[in-house]
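# Inside the fold
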Amino acid sequence: MGAVIELSTHGDARIARAREAAARVCDPEVPVLTIDDLGVLRDVRRDGETIEVVITPTYSGCPAMDMIALEVDLALEKAGFVHRKVTLSLSPAWTTDWMSEAGKAKLKAYGIAPPQGRAKGRGALFGVEEIPCPHCGSLDTRRVSEFGSTACKALWRCESCREPFDYFKCI
Amino acid sequence: MEAPLFTYTLRLADNALVLGHRLSEWCGHGPMLEEDLALANMALDCIGQARNFYTYAGEMEGKGRSEDDLAYLRDCADFTNILLVERPRGDFAFTILRQFLYSAFMHPFFEQLSASKDERLAAIAAKAEKEMAYHLRHSAEWVIRLGDGTEGSAARLSEALADLWPFTGEMFEVDAAERALIEAGVAVDPASIRPLWLETVDRVFADALITRPKDVWMQSGGRRGEHSEHLGHLLADLQFMQRAYPGSVW
């Protein structure tokens, strides 16, 4: 696709370059994932001379958002963009369905079980989940707590290899 | 008189902030590490929701008040949260039961509000709905565990229920300004949520071996700024830094 960008207008090439810079920013709490893997990076566009990067929070109170906005700003500055802004957008609401397959593979390699299946409605509120252990792959796992070290994770334990692990919650 | 939509948004913000603060009081005091984390996580969700609502309320008001101004620089009588959320945190059974009664209401509430004709409220609600689903599931599981647990845990849960139930009526109150917003498709009619709320409560209470109290006098006032003495103490803690050092920043 590189050729397409080369052939496009000056404006589009700038956006592509800005997007590339922004997409490399990592989540400060799950450093193996970029904000692009997570689906937190929603849009890169032009507002006159200004490059605008739109990001969305995973959870309403996600404390990493300020940090991510700052890092995106720094990444754009490094890439030579003088006129730039980072905008926070709430709608549409972030869902784990936006996480890339590459992102899920990186999570698993890092020892965090990736979100299973699609985000569900209230029907699954009291449902049972089956989460494979990211270490040994066993399905004999148990939820220890609905809430883990960050808002986006739950705490699980594998009954086969006895290792505790984080599960990236499906929302 | 304040604009109805501002008042409506402020009430949603105040409920979320005050409950979030009560949950945050557990940080470092949870009955076990996992619950300490869970309560802090739920606090974070509530405070995040409050920030979104306050920011919107401030912008809508157009007087330059930020989310921080609205959270830190208003006094008791200006707060419009329901009395339920300002009750002191009590023991773990009390905190968990309150979270259950509240999130069993707020989960369907946000689900409906996410279809509001006001786009901003709809966007905030769509995020909050997903978070409340987790609060509801977590608190419901604990209500069952405590009610169907030991004699001691069941007694604490029953005591908490007797204390909390009279404060649940205020969730369903509607005033004239709100009625207009409901008719305009902006606000949620709480009466439409009541059947589902009762069904959730009854289903969980049946497993928890406790019974919903009947014909109880319902407390009211918070939405009009008439609060218990507890809110003042909460605000003293919450607002201390900005009162003692006005304008201080991180």
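Residues numbered from 1 in each chain as written. Chains lettered and ligands numbered in written order. Predicted model: local features only at pLDDT ≥ 70, side-chain atom pairs only at ≥ 80, totals over all residues.

### Thoughts on the packing of helix 6 (residues 119-147) of chain B against helix 7 (residues 151-164) of chain B
All names here are of chain B. Between helix 6 and helix 7, the least distance of the axes is 7 Å, while the angle of their chain directions is 120 degrees. Put simply, helix 6 runs oblique to helix 7. Seen from helix 6, the contacting residues are V143, L146 and G147; seen from helix 7, they are S153, A154, R156 and L157. When grouped by side-chain class, the residues that make up the contact of helix 6 with helix 7 number four nonpolar, two polar and one charged. (Axes fitted to C-alpha atoms, helices over the stretch in contact; angles between N-to-C directions. Helix = DSSP H or I, 4+ residues; strand = E, 2+ residues; numbered from the N terminus. Parallel < 35°, antiparallel > 145°, perpendicular 65-115°, else oblique. Contact = placed C-beta atoms within 7 Å. Nonpolar A, V, L, I, M, F, W, Y, C, P; charged D, E, K, R; others polar.)

### Re the packing of helix 5 (residues 92-113) of chain B against helix 9 (residues 194-208) of chain B
Residue and element names in this part refer to chain B. Remark: helix 5 packs on helix 9, axes separated minimally by 9 Å, with the N-to-C direction vectors making an angle of 140 degrees. The pairing of helix 5 with helix 9 is recorded here as oblique in orientation. Considering the relative orientation of helix 5 and helix 9, their crossing is right-handed. Listed contacts from helix 9 to F100, A104, F105 and P108 of helix 5 are L196, W197, T200, V201 and V204. Its residues assigned to classes, the contact of helix 5 with helix 9 comprises eight nonpolar, one polar and no charged. (Left-handed = near helix turned anticlockwise from the far one by under 90°.)

### Quick look at helix 5 of chain B
All names here are of chain B. Here helix 5 is 22 residues long and its end C-alpha atoms lie 30 Å apart, about the 32 Å a rise of 1.5 Å per residue gives. Along helix 5, the sharpest change in direction is near 25 degrees and occurs at S103. The buried count for helix 5 comes to 20 of 22 residues, which makes it a mostly enclosed element. (Expected span 1.5 Å × (residues − 1). Bend = angle between axes of the 7 residues up to and from the residue. Buried ≥ 20, exposed ≤ 12 C-beta atoms within 10 Å, placed from the backbone.)

Structural measurements only, silent on function.
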